[in-house]
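What follows is the residue order along each chain.
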Amino acid sequence: MVLFISLLIVALLLEGTLTSLPLVYIVLLCWAVIRRDAQAFVAAFITGIFLDVFAVRLVWQSSLFLVVSVFLILLYQRKYEIYSYPFVGVAGFLGSFVFLLLLGSNNLFLQAGISSCIGVILFAILKKVHAREE
């Protein structure tokens, strides 16, 4: 839990100040897939508010997108196996693409592809760390 919160804070600071990649979404995606708990909703809401403040946007935009994304991910766990690399890759690409599209970003496919790769790598690392904790 502490690891996910630490990663979320680092992603928030990086996305809010340095990069336009949706790093917060990627960390929340990994959190929702690995932990599968409702605490991801609270983290998505709070992190979205801070992200909008750092990026000087309307305060509800990121929060709404992140909470709905976490909801959809947890909703699909009943139909599909979400604890897999293909799911994280596809969900990372599609979620990043939609998030970047809503924010009016350029180079959507490139940024979504990079975000998806970061998501799969982060998922692989966190999967191993989480397996050791249990």
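Heads up: the structure comes first, above all this text.
Residues numbered from 1 in each chain as written. Predicted model: local features only at pLDDT ≥ 70, side-chain atom pairs only at ≥ 80, totals over all residues. Heavy atoms only, no water.

Undergrad: How do you make sense of the overall build of the protein chain when you look at a structure like this?
TA: From N to C terminus, the protein chain includes six helices and zero strands. Its helices and strands taken in sequence order, the protein chain reads α-α-α-α-α-α from the N to the C terminus. For 134 residues, the compact-globule estimate of 2.2 N^0.38 gives 14 Å, and the protein chain sits close to it at 14 Å. Considered along the principal axes of its C-alpha atoms, the protein chain spans approximately 40 × 30 × 25 Å. Considering the protein chain as a whole, with its 134 residues, one finds that 43% of them fall into the buried category. Looking at the protein chain alone, contacts between residues at least 24 apart form 65% of all its contacts between residues at least 6 apart. For the protein chain, the accessible surface area stands at approximately 7300 Å², while carbon and sulfur atoms represent 72% of it. (Helix = DSSP H or I, 4+ residues; strand = E, 2+ residues; numbered from the N terminus. Rg over C-alpha atoms; globule rule 2.2 N^0.38 Å. Buried < 20%, exposed > 50% of the residue type's maximum accessible area, 1.4 Å probe, protein only. Contact = heavy atoms within 4.5 Å. Areas by Shrake-Rupley, 256 points an atom, 1.4 Å probe, with all protein chains shown as cover.)

Undergrad: Please clarify how the packing of aromatic side chains should be interpreted in this entry.
TA: In this description, a pair of aromatic rings is defined by centroid distance and the angle of the planes. One pass over the full model with this rule turns up eight aromatic pairs. Ring centres of Phe 4 and Trp 31 lie 5.7 Å apart, and the angle between their planes is 20°; this geometry places the pair in the stacked category. Of this pair, Phe 4 sits in helix H1 (residues 2-17) while Trp 31 sits in helix H2 (residues 23-35), and the two are 27 residues apart along the sequence. On the basis of relative accessible area, Trp 31 is assigned to the buried category, the value being 2%. Taken together, the aromatic side chains of Tyr 25, Phe 65 and Phe 99 make up a single cluster linked through ring pairs. (Phe/Tyr/Trp six-rings, centres within 6.5 Å; stacked < 30°, edge-to-face > 60°.)

Undergrad: Explanation requested: the packing of H1 against H2 in the structure shown.
TA: Each pair of packed helices can be described by the angle between their axes along with the distance between the axes. It is the contact of H1 with H2, at a shortest axis distance of 8 Å, that shows an interaxial angle of 160°. With respect to H2, the element H1 is oriented roughly antiparallel. In the packing of H1 onto H2, the handedness of the crossing is left-handed. Within the contact between the two elements, H1 uses Phe 4, Ile 5, Leu 7, Leu 8, Ala 11, Leu 12, Leu 14 and Glu 15 and H2 uses Leu 23, Val 24, Val 27, Leu 28, Cys 30, Trp 31, Ile 34 and Arg 35. Here the residues of the contact of H1 with H2 sort into 14 nonpolar, no polar and two charged. (Axes fitted to C-alpha atoms, helices over the stretch in contact; angles between N-to-C directions. Parallel < 35°, antiparallel > 145°, perpendicular 65-115°, else oblique. Left-handed = near helix turned anticlockwise from the far one by under 90°. Nonpolar A, V, L, I, M, F, W, Y, C, P; charged D, E, K, R; others polar.)

Undergrad: Is there a simple way to explain the environment of Ser 84 in this structure?
TA: By secondary structure assignment, the location of Ser 84 is in the loop between helix H4 (61-76) and helix H5 (85-103). For the pair formed by Ser 84 and Phe 41, sequence separation is 43 residues and the distance between their alpha carbons is 21 Å. There is a polar contact of 3.4 Å between the side chain of Ser 84 and the backbone oxygen of Glu 81. (Polar contact = N/O pair within 3.5 Å; in protein donor to acceptor, adjacent residues only side chain to side chain.)

Undergrad: What am I meant to see in the environment of Val 129 here?
TA: Along the chain, Val 129 turns up in helix H6 (residues 108-133). Val 129 sits 114 residues away from Glu 15 along the chain, and the two C-alpha atoms are 24 Å apart.

Undergrad: What's the story with the layout of surface pockets in this structure? I'm lost.
TA: Where empty space is left becomes clear once a probe the size of a water molecule has been rolled over the atoms. Here the largest pocket is characterised by a volume of approximately 270 Å³. Lining the largest pocket are 13 residues, with Tyr 25, Leu 72, Ile 73, Ala 91 and Leu 94 positioned closest to its centre. Grouping the amino acids of the lining of the largest pocket by side-chain chemistry returns 11 nonpolar, two polar and no charged. The calculated volume of the second largest pocket comes to roughly 170 Å³. Forming the walls of the second largest pocket are Met 1, Ile 5, Leu 8, Ile 9, Leu 12, Trp 31, Gln 39, Val 42, Ala 43, Ile 46, Thr 47 and Phe 50. Where the lining of the second largest pocket is concerned, the elements lending two or more residues are H1 and helix H3 (39-55). For the lining of the second largest pocket, a count of residues per class yields 10 nonpolar, two polar and no charged. (1 Å grid on protein atoms, 1.4 Å probe; cavity = no way out; pocket = protein on both sides within 12 Å on 5 of 7 lines; lining within 4 Å. Points joined across faces, edges and corners; volume = space filled by probe spheres on them.)

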